[in-house]
Amino acid sequence: MKNQNHLYTNSLSKETSPYLLQHAHNPVNWHAWNNETLEKAIAEDKPLLISIGYAACHWCHVMEHESFENEEIAQLMNDNFICIKVDREERPDIDAVYMNAVQILTGRGGWPLNCFALPNGKPFYGGTYFQPTSWIQVLKSLANTYKYDRQKIDVASEEITQGVNNMELVNAIDPNLKWDKNILLELKNSVFGAFDLEIGGLKGAPKFPIPGLHQSIVTYNHFFPTAEIANYSTVFMHKIASGGMYDVVGGGFARYAVDAEWIVPHFEKMLYDNAQLISLYSKGYMIDPKAEYRQIVKQTIAFVENELQASEGIFYSSLDADSEGEEGKYYVWEYIEFKELAGADAALFIEYFNVKEGGNWEGLGNILHTTQSEEAITSKYKISDSDFQHKKQTFLNLLFEKRKNRIKPGLDDKSITAWNALMITGLADAYWAFDVPEYLKKAQKAADFIIENHLSENYDLFRNYKNGTLTIPAFADDYASFIEAMLRLYSVSFDTKYLSTAKSLTDKVLENFYDSDSGFIWFTSNIDKPLFSRKMELSDSVTPSSNAVFANSLLQLSEIYYDTTYADIAQRMLINIQQNLLRIPTFHFKWFETLIEKTNGYKLLVICGDEALTVLSELKGNFLPGVVIAGAKTPPISAVPAFENRFVKNEPYAYICSEQVCNIPVKSANEILLQLSPK
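Just so you know, these numbers come straight off a predicted model, no measurement behind them.

**Side note on the pairing of strand β20 (residues 653–658)**
Sheet faces and side chains relate simply in a regular strand, where the side chains alternate between the two faces.
And step 1. Sheet topology places strand β18 (residues 603–608) next to β20; five bridges connect them, and they run antiparallel. Within the sheet, the bridge partner assigned to V606 lies in β20 and is Y655.
And step 2. Judged from the two bridges that link them, β20 and strand β21 (residues 661–662) form a sheet pairing that is antiparallel. The residue of β21 that forms the bridge with C657 is C662.
And step 3. The antiparallel pairing of β20 with β21 creates a hairpin that spans two residues between the two strands, and E659 there sits at a positive phi of about 55 degrees.

**Topic: the sheet that holds strand β8 (residues 269–270)**
And step 1. Overall, antiparallel pairing links the three strands, which are arranged β8-β9-β14 in an open sheet. Of all the strands in the sheet, the pair left with one neighbour each is β8 and β14 (411–412).
And step 2. Here two bridges tie strand β9 (residues 318–319) to β14, and the two strands are oriented antiparallel to one another. By the bridge assignment, S318 is partnered in β14 with D412.

**A closer look at the packing of helix α10 (residues 211–223) against helix α11 (residues 227–242)**
And step 1. With their axes 10 Å apart at the nearest point, α10 and α11 run at an angle of 150 degrees to one another. When the interaxial angle is binned, α10 and α11 end up roughly antiparallel. As for how α10 packs across α11, the hand of that crossing is left-handed. Listed contacts from α11 to H214, I217, V218, Y220 and N221 of α10 are I229, A230, Y232, S233, F236 and M237.

**Re the packing of aromatic side chains**
And step 1. Scanning the entire structure with this criterion turns up 40 aromatic pairs.
And step 2. Feature note: the residues W30, F68, F81, F116, Y125, F130 and W135 constitute an aromatic cluster, connected by ring pairs.
And step 3. Directly above the ring of Y54 sits R88, whose terminal nitrogen or CZ lies 5.6 Å from the centroid.
And step 4. Positioned over the ring face of W111 is R88, at 3.9 Å from the centre of the ring.

**Topic: the state of the cysteines**
And step 1. On inspection of all chains with the given rule, the structure shows two disulfides.
And step 2. Paired by a disulfide, C57 and C60 hold their sulfur atoms 2.3 Å apart. When the S-S torsion is 80 degrees, as for the bridge of C57 with C60, the disulfide is right-handed.
And step 3. Judged by its relative accessible area of 3%, C57 falls in the buried class.
And step 4. The partner cysteine of C657 in its disulfide is C662, sulfur to sulfur 2.0 Å.

**Describing the packing of helix α22 (residues 546–561) against helix α25 (residues 589–600)**
And step 1. Closest axis-to-axis distance for the α22/α25 pair is 8 Å, and the angle between their directions is 20 degrees. Judged by the angle between their axes, α22 and α25 are roughly parallel. The interaxial crossing formed by α22 with α25 has left-handed handedness. Taken together, the residues of α25 that come into contact with α22 (itself represented by N547, A548, V549, A551, N552 and L555) are K590, W591, T594, E597 and K598.
And step 2. Among the residues making up the contact of α22 with α25, the classes are represented as five nonpolar, three polar and three charged.

**Some remarks on the pattern of salt bridges**
And step 1. Within the structure shown, the criterion is met by 33 salt bridges.
And step 2. The salt bridge partner of D413 is K466, with a shortest N-O separation of 3.3 Å. One end of the pair, D413, is in the loop between β14 and β15 (415–416); the other, K466, is in strand β16 (residues 464–466), with 53 residues separating them in the sequence.
And step 3. Judged by its relative accessible area of 24%, D413 falls in the partly exposed class.
And step 4. Beyond isolated ion pairs, a larger network of salt bridges with shared partners links D87, E89, D412 and K414.

**Quick notes on the nonpolar core**
And step 1. Membership of the largest hydrophobic core comes to 193 residues, with the highest contact counts inside it found for M77, W135, Y281, L489, L605 and I672.
And step 2. In terms of residues, this core owes the most to one element, helix α18 (residues 417–434), which gives 13 residues.
And step 3. The residues contacting L489, other than those within four sequence positions of it, are I424, A428, L440, A443, Q444, A447 and Y498.
And step 4. Among the nonpolar cores identified, the runner-up in size contains 21 residues, and I52, I84, A101 and V164 belong to it.

**Points about empty space enclosed by the protein**
And step 1. With the rule as written, the count across this model stands at three cavities of 30 Å³ or more.
And step 2. Taken as a whole, the largest cavity spans an internal volume of roughly 790 Å³.
And step 3. Forming the boundary of the largest cavity are 36 residues, of which K283, E484, R488, K590 and E593 lie nearest the centre.
And step 4. Looking at the lining of the largest cavity, the elements with two or more residues in it are α10, α12 (271–287), α18, α20 (476–493), α22, α25 and β19 (627–632).
And step 5. The computed volume of the second largest cavity comes to approximately 140 Å³.
And step 6. What lines the second largest cavity is a set of 17 residues, among which G244, Y246, D247, F267 and Y331 lie closest to the centre.
And step 7. Its residues assigned to classes, the lining of the second largest cavity shows twelve nonpolar, two polar and three charged.

**Thoughts on helix α17 (residues 385–403)**
And step 1. Between its terminal C-alpha atoms α17 stretches 26 Å, which fits the 27 Å expected from 19 residues at 1.5 Å a residue.
And step 2. Residues of α17 that are buried include every one of F388, K392, F395, L396, L399 and R403, and no others. One side of α17 carries all its buried residues, which in axial view fall inside an arc of 105 degrees. When the buried face of α17 is taken as reference, the exposed residues oriented beyond 90 degrees from it are S386 and H390.
And step 3. Where α17 is buried, its residues meet β12 (333–334), α14 (335–342), α15 (346–352) and α16 (374–381).

Criteria and cut-off values
- Residues numbered from 1 in each chain as written.
- Predicted model: local features only at pLDDT ≥ 70, side-chain atom pairs only at ≥ 80, totals over all residues.
- Heavy atoms only, no water.
- Pairing = 2+ DSSP bridges.
- Helix = DSSP H or I, 4+ residues; strand = E, 2+ residues; numbered from the N terminus.
- Axes fitted to C-alpha atoms, helices over the stretch in contact; angles between N-to-C directions.
- Parallel < 35°, antiparallel > 145°, perpendicular 65-115°, else oblique.
- Left-handed = near helix turned anticlockwise from the far one by under 90°.
- Contact = heavy atoms within 4.5 Å.
- Phe/Tyr/Trp six-rings, centres within 6.5 Å; stacked < 30°, edge-to-face > 60°.
- Lys NZ or Arg CZ within 6 Å of the ring centre and 35° of its normal.
- Disulfide = S-S within 2.5 Å.
- Buried < 20%, exposed > 50% of the residue type's maximum accessible area, 1.4 Å probe, protein only.
- Nonpolar A, V, L, I, M, F, W, Y, C, P; charged D, E, K, R; others polar.
- Salt bridge = Lys/Arg side-chain N within 4 Å of Asp/Glu carboxyl O.
- Core = buried A, V, L, I, M, F, W, Y, C linked by side-chain atoms within 4.5 Å.
- 1 Å grid on protein atoms, 1.4 Å probe; cavity = no way out; pocket = protein on both sides within 12 Å on 5 of 7 lines; lining within 4 Å.
- Points joined across faces, edges and corners; volume = space filled by probe spheres on them.
- Expected span 1.5 Å × (residues − 1).
- Arc of directions from axis to C-beta.

Geometry only, nothing functional implied.
Structure representation (structure tokens):
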């Protein structure tokens, strides 16, 4: 392939994004999205061809090999368009507006995303993956129409732009509206009705784990327990762990399963998925302490540490689905190799992991997954559980060592602040669940690096980091997720540095992102160069929306700082999202979870005194949704209203308050848990 011989070099060679660098030697004259490129389009009166993807995207690679490495196709693109490559992970703002445009045009979205726009950025046509023949036809047709029927394109562009501007609009609701438990029940029934109760997850295929959606149901069940939800949770947690989406050999989860039974993964591994699943299984363990959950958290953290952690302590973005040009090649096993490695236990493990002589996937490849219980296997093969566990772990270690000899999938080694924040939260949750100090140290190391390197003195945050370089100002998801991570890290460590950072960043968001008309925050700040449309991230996807996460953090901070402004802003957000939430609760799950906690009443737990950390440590392992934990050994330098008049020399005291009315202070973890129990 010509790009491997470097016969061509375009301006992407100056970029740091691994995805952009993948295209730096295409014959296409790619440009990055910047002022110079946009001015060039205006000066030459050429339409923009905006191609968006990410480094781990399988079909992005396919389209590159089929079309962007083809000299004839590249010539068509170069002659008629200003061609721009965008890494969607670096620039989610660009991705969002052009994804909306393509969804309006085609009714679907995905990556690679290819959108055609006027020199001013307004879109007029687009789609996702195109086969080479179709791509050539599209290029010729649009180039011809742009030259000879420009009015047609201008009209289409205005219609699409209007459509994008109108997406996700919310109407202001009665500010006196009250949420109640009946509405929570309605939302729960709607969400639960969308689940596949036998397999777990949303009905149909493909299947994404969407950890936050499951977490909302778990939180509901904490306050309104039912056996139905508890049983479903057990099914879901086991199914995604026993299917092929979970890498039983090396740890970590693939992005999603392409089938309806969690067996065939789309093999790319994303930091944000694994971070959220670490949180989910940690919380699951606190509710139902299964050894399987502990093992998954331990192994997934080890995977992230081994494959996605930089020396600075922060985390890389993803591992590719492909290796040696084939999707999943690194992860699947041929029958003969597997049988030889299993040796005397071949029959046992061939059956347990569903390995077939002709392969259980494409070609001769086998995706390891389990469909029988360990009890059934040990009974059939007449071995004890302890012997089976020893044999299984020994064999998995052997497979792991053998797999090291294969060519690894490509690594996207840029660090995204929002995704690092999710990982920090995941590690803090794992520390709280399992009391492993190393998890807390990892979380603090990553957090401290971001505080020291990604933040300016004025609390302006940066989104991405690679090779010592910060290039893109942070978006709302970076701020919101990092604020959430700081609050979580503070709650398990009582290091007030993280609390003050969370508050300062919150004030920065209200200064630069808040829209007083709608009551929500924009995805881009007031000081960013505007695109053709400015968007708000209101609905949740594979990660929670920035607005929902920010609303939740506002409510926590309002409890600690007695700040009614924070509470009022969050309350308005919850009121104004009502119609969207009631219409599609499955994709407003973070709003739902926040609403559950708020409707049941937040409880502020303040622990002060020399032994504050000891008391805090005794609380570890307890699942405490709706409880805002604050504390310190000594009064912090910056005033925190929740601590006022609560330090007593040589005595640890815990105060549990609701709506600033506090119970009699207590000293022990048992007394605290008694007061915190849902009534």
